[in-house]
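One letter stands for each residue in the lines below.
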Amino acid sequence: QTGSHAAIACTALTIQDSQCVYGFESVSPVLLRQQAEAVLKDLPVAAFKSGMLGSVENLQVLASLLTKHPDIPYILDPVLVANSGGSLGDPATLVHAFKQLLPHASLITPNSIELRQLAGCDDLQQAIQILFGQGARAILLKGAHEHEPHRIRHALYVDGVVVSRSVWPRLPAEFHGSGCSLASHIAGLLAQQVELKDAVQRAELWLHRTLRHADQPHATGQRIPKRF
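What this report covers is the structure whose coordinates are included nearby.

A word on the packing of helix H1 (residues 29-42) against helix H2 (residues 56-68)
Stage number 1. One way to put it is that H1 packs onto H2 with a least axis distance of 9 Å and a crossing angle of 30 degrees. Our classification of the angle between H1 and H2 gives roughly parallel. The element H1 and its partner H2 pack so that their crossing is right-handed. In this structure, H1 contributes Pro29, Leu32, Arg33, Ala36, Glu37 and Leu40 to the contact, and H2 contributes Glu57, Asn58, Val61, Ser64, Leu65 and Lys68.
Stage number 2. The residue inventory of the contact of H1 with H2, partitioned by class, reads 6 nonpolar, 2 polar and 4 charged.

Rendered as structure tokens:
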């Protein structure tokens, strides 16, 4: 879809289905580093994207790798809790650790719940400025968790200033993997040297299409975006 190829370094194994995340086990930081170094040695990596990291130790491995590759764009999807409500690690511990990744990120893609947790602040605009004060460069605030029954609002901030806004009709369903799909698509476009604002807008349009045509494998489960 973006012209980019995904090369994966697995951070954790999860127990999940279309309805919930029931548990997970992080891979060892040694194994994570070996995976990443094998990919970096083999392929011309043009963008990084991270989601669930599983442990503080794995987050530290990522920070070390990013320090060695400061010119490669990095999309940080600060996954703290699954959309289905399952735990992906201790939020307080992860929030504290995530802050060392903020200065490395070309873009952070929190939903409103994650933004409030990262900033320790309920007011979204104040929370945005707190993260910029901690080193963030650009933030895509996703509004699906706000209580607007008919629409979803997103906003892209760069250097503390909003540079674009978008409004999407709220679809009558819950979706599995929508946030990580969006972040991955943006990363794929940045790897093709698409400018950030354009990459975000194109990725949002693509995501909305995948959600409108999503599959529903279980009557009471989340729908799966139709990415292909």
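After that view, the rundown keeps rolling.
Overview of the nonpolar core
Stage number 1. Judged by nonpolar contacts, the single largest core of 32 residues is most densely connected at Tyr74, Leu76, Phe98, Leu101 and Leu131.
Stage number 2. When contributions to this core are tallied by element, the ones reaching two or more residues are H2, strand S4 (74-76), helix H3 (91-98), helix H4 (112-119), helix H5 (124-133), strand S6 (138-142) and strand S7 (151-158).
Stage number 3. The leading source of residues in this core is H5, at 5 residues.
Stage number 4. If we skip the residues at most four places from it in the chain, tyrosine 74 touches Phe48, Lys49, Ser50, Leu62, Leu66, Leu101, His104, Ala105, Ser106 and Leu107.
Stage number 5. Core analysis: the second largest hydrophobic core is formed by 22 residues, Ala138, Phe175, Ala187 and Val194 among them.

Focus on H5
Stage number 1. When we look at burial in H5, the residues that qualify are Leu124, Ala127, Ile128, Leu131 and Phe132. End-on, the buried residues of H5 take up no more than an arc of 140 degrees, which puts them together on one face.
Stage number 2. Summarising the contacts, the buried residues of H5 are in contact with H4, S6 and S7.
Stage number 3. At the N-terminal end of H5, a side-chain oxygen is found 3.3 Å from the backbone nitrogen of glutamine 125, two or three residues along, and the residue is aspartate 123.
Stage number 4. Residue glycine 135 follows H5 closely and has a positive phi angle near 115 degrees.

Quick notes on the layout of surface pockets
Stage number 1. Empty space within the second largest pocket amounts to approximately 210 Å³.
Stage number 2. In terms of lining residues, the second largest pocket is bounded by 14 residues, among which Leu141, Arg153, His154, Ala155 and Arg165 are the most central.
Stage number 3. Counting only elements with at least two residues in the lining of the second largest pocket, the list comes to H5, S6, S7 and strand S8 (161-169).
Stage number 4. Tallied by class, residues from the lining of the second largest pocket come to 5 nonpolar, 4 polar and 5 charged.

Remarks on the pairing of S8
Stage number 1. As paired elements, S7 and S8 share 8 bridges and run antiparallel to each other. Bridge pairing in S8 links arginine 151 to proline 169.
Stage number 2. With antiparallel pairing between neighbouring strands as the criterion, S7 and S8 make up a hairpin whose turn holds 2 residues, including aspartate 159 at a positive phi of roughly 50 degrees.

With respect to the pattern of salt bridges
Stage number 1. According to the stated counting rule, one finds 7 salt bridges in the structure shown.
Stage number 2. The residue glutamate 146 makes a salt bridge to arginine 116 at a minimum N-O spacing of 3.0 Å. Of this pair, glutamate 146 sits in the loop between S6 and S7 while arginine 116 sits in helix H4, and the two are 30 residues apart along the sequence.
Stage number 3. Owing to a relative accessible area of 25%, glutamate 146 belongs among the partly exposed residues under this scheme.
Stage number 4. By relative accessible area, arginine 116 is classed as partly exposed at 24%.
Stage number 5. One salt bridge connects aspartate 198 with arginine 202, and the closest N-O pair in it is separated by 3.7 Å. You can see aspartate 198 and its partner arginine 202 sitting in helix H7 (residues 196-212), 4 residues apart, about one turn around the helix.

Looking at helix H6 (residues 178-191)
Stage number 1. Relative to the 20 Å expected for 14 residues at 1.5 Å per residue, H6 spans 20 Å between its end C-alpha atoms, a close match to the ideal helical length.
Stage number 2. Counting buried positions along H6 yields 11 of 14 residues, so the element is predominantly enclosed.
Stage number 3. Within H6 the residues assigned to the buried category are Ser178, Gly179, Ser181, Leu182, Ala183, His185, Ile186, Ala187, Gly188, Leu189 and Leu190.
Stage number 4. Contact partners of the buried residues in H6: strand S3 (48-50), S4, strand S5 (107-108), S6 and H7.
Stage number 5. Directly beyond the C-terminal end of H6, a positive phi value near 70 degrees is found at glutamine 193.

Some words on the side chain of serine 164
Stage number 1. Among the secondary structure elements, serine 164 is positioned in strand S8.
Stage number 2. Accessibility expressed as a relative area gives 14% for serine 164, which makes it buried.
Stage number 3. In this view, serine 164 contacts His154, Ala155, Leu156, Lys197 and Gln201; residues no more than four positions away in its chain are not counted.

Parameters at a glance
Residues numbered from 1 in each chain as written. Predicted model: local features only at pLDDT ≥ 70, side-chain atom pairs only at ≥ 80, totals over all residues. Heavy atoms only, no water. Axes fitted to C-alpha atoms, helices over the stretch in contact; angles between N-to-C directions. Helix = DSSP H or I, 4+ residues; strand = E, 2+ residues; numbered from the N terminus. Parallel < 35°, antiparallel > 145°, perpendicular 65-115°, else oblique. Left-handed = near helix turned anticlockwise from the far one by under 90°. Contact = heavy atoms within 4.5 Å. Nonpolar A, V, L, I, M, F, W, Y, C, P; charged D, E, K, R; others polar. Core = buried A, V, L, I, M, F, W, Y, C linked by side-chain atoms within 4.5 Å. Buried < 20%, exposed > 50% of the residue type's maximum accessible area, 1.4 Å probe, protein only. Arc of directions from axis to C-beta. Polar contact = N/O pair within 3.5 Å; in protein donor to acceptor, adjacent residues only side chain to side chain. 1 Å grid on protein atoms, 1.4 Å probe; cavity = no way out; pocket = protein on both sides within 12 Å on 5 of 7 lines; lining within 4 Å. Points joined across faces, edges and corners; volume = space filled by probe spheres on them. Pairing = 2+ DSSP bridges. Salt bridge = Lys/Arg side-chain N within 4 Å of Asp/Glu carboxyl O. Expected span 1.5 Å × (residues − 1).

Just distances and angles here, no functional claims.
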